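Given next are the chains, with one letter for each unit.
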Amino acid sequence: MKDKVNEIRISYKERITSPFWHTIKSSKDAAEMLHELWDKDTIQVQESFKVILLNNSNKVKGIYQLSKGGITSTIIDIRLLFAVVLKSLSVAIILTHNHPSGTLKASQADKDITNKIKKAAELLDIRLLDHILIVPNGDYYSFADNGLM
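Quick look at the structure, then. Per-chain numbering applies: the sequence of each chain, read as written, is numbered from 1 onward. Local features in this predicted model are restricted to residues whose pLDDT is 70 or higher, and side-chain atom pairs enter the listing and the counts only when it is 80 or higher, whereas totals over whole chains, interfaces and linings include all residues. To get the side-chain values, all heavy atoms of the structure are used, and hydrogens and water are removed first.

Bringing the environment of Thr-114 into the picture now. By the criteria applied, helices consist of DSSP H or I runs no shorter than four residues and strands consist of E runs no shorter than two, each listed in order from the N terminus. Its location among the elements puts Thr-114 in helix α3 (residues 108-123). Residues Thr-114 and Leu-148, 34 residues apart in the sequence, show an inter-C-alpha distance of 9.1 Å. The residues contacting Thr-114, other than those within four sequence positions of it, are Leu-128, His-131, Phe-143 and Met-149. Here a residue-residue contact requires only that any non-hydrogen atoms of the pair lie within 4.5 Å.

This is the structure:
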């Protein structure tokens, strides 16, 4: 029993090669892509928190849904967030979540979790580019555009 130990293996598989990845040049680019891909059956029903994973050229490697919550909130586990970021070898991220109510205002809880994630990202040399709030009609609020990053 002493010399038996579990093996840990980490992998990332590309299904779409990098020349075809979408490049994010602005918060509008990110918001339009997110709204297009968001499940229209749930965007006005319950909050979801996702992360856009980016390479060094701000090309989208993928989008990961970290959590799905209730009508007014969702839980974000920062350890799981960075497990995904590190596993995908991403160097930059954009946080996003929806407000089913249609409110385009960052709550104090939104600001607090963003700051907490920003501090963790800095320790890991990962760039946190933005946190985008999406509402059902496609409008958005960008933390970066509003000086909150």
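We are not done yet, so read on.
Sheet architecture is open: five strands sit in the order β2-β1-β3-β4-β5, paired in mixed fashion. Because the sheet does not close on itself, it has two edges, and the strands there are β2 (60-68) and β5 (140-142). Along the sheet, successive strands turn relative to each other by an average axial angle of 20°, direction set aside. Pairing between strands requires that DSSP locate at least two bridges from one strand to the other. Relative to strand β4 (residues 127-134), strand β3 (residues 92-98) runs parallel, the two sharing seven bridges. Counted as the bridge partner of His-97 is Leu-133 from β4. An axis is simply a line fitted to the C-alpha atoms; with a helix, the fit covers only the stretch in contact. Between two such axes, the angle follows the N-to-C directions and lies from 0 to 180 degrees. Docked against the sheet, α3 engages β1 (48-54), β3 and β4, running at close to 160° with respect to β4.

Each residue gets one of three labels from its accessible area relative to the maximum for its type: buried under 20%, exposed over 50%, partly exposed in between, using a 1.4 Å probe on protein chains only. In terms of residue burial, β4 counts as a mostly covered element, since six of its eight residues are buried. Think of it like this: strands point away, you trace from the first strand over the helix to the second, and a clockwise trace means the crossover is right-handed. Viewed along the sheet, the connection from β3 through α3 into β4 turns out right-handed. Where β4 meets β5, three bridges bridge the pair, whose relative direction is antiparallel. Its bridge partner being in β5, Ile-134 is matched across the sheet by Tyr-140. Connecting β4 to the antiparallel partner β5 that follows it, the hairpin turn spans five residues, and Gly-138 within it adopts a positive phi of roughly 100°.

Turning next to the side chain of His-35. If you trace the backbone, His-35 turns up in helix α1 (residues 27-37). Apart from the residues within four sequence positions on either side, His-35 is in contact with Lys-40, Ile-43, Ile-134, Val-135, Pro-136, Asn-137 and Gly-138.

So, on to the pattern of salt bridges. Any Lys or Arg side-chain nitrogen located within 4 Å of an Asp or Glu carboxyl oxygen qualifies as a salt bridge. For the structure shown, the criterion picks out two salt bridges. The residue Glu-32 makes a salt bridge to Lys-28 at a minimum N-O spacing of 3.7 Å. Remark: Lys-28 and Glu-32 occur in helix α1; sequence separation between them is four residues, near one turn of the helix. Put simply, Arg-79 and Asp-77 hold a salt bridge, and the shortest N to O gap is 3.2 Å. Of the residues examined, Arg-79 reaches a relative accessible area of 68% and is grouped as exposed.

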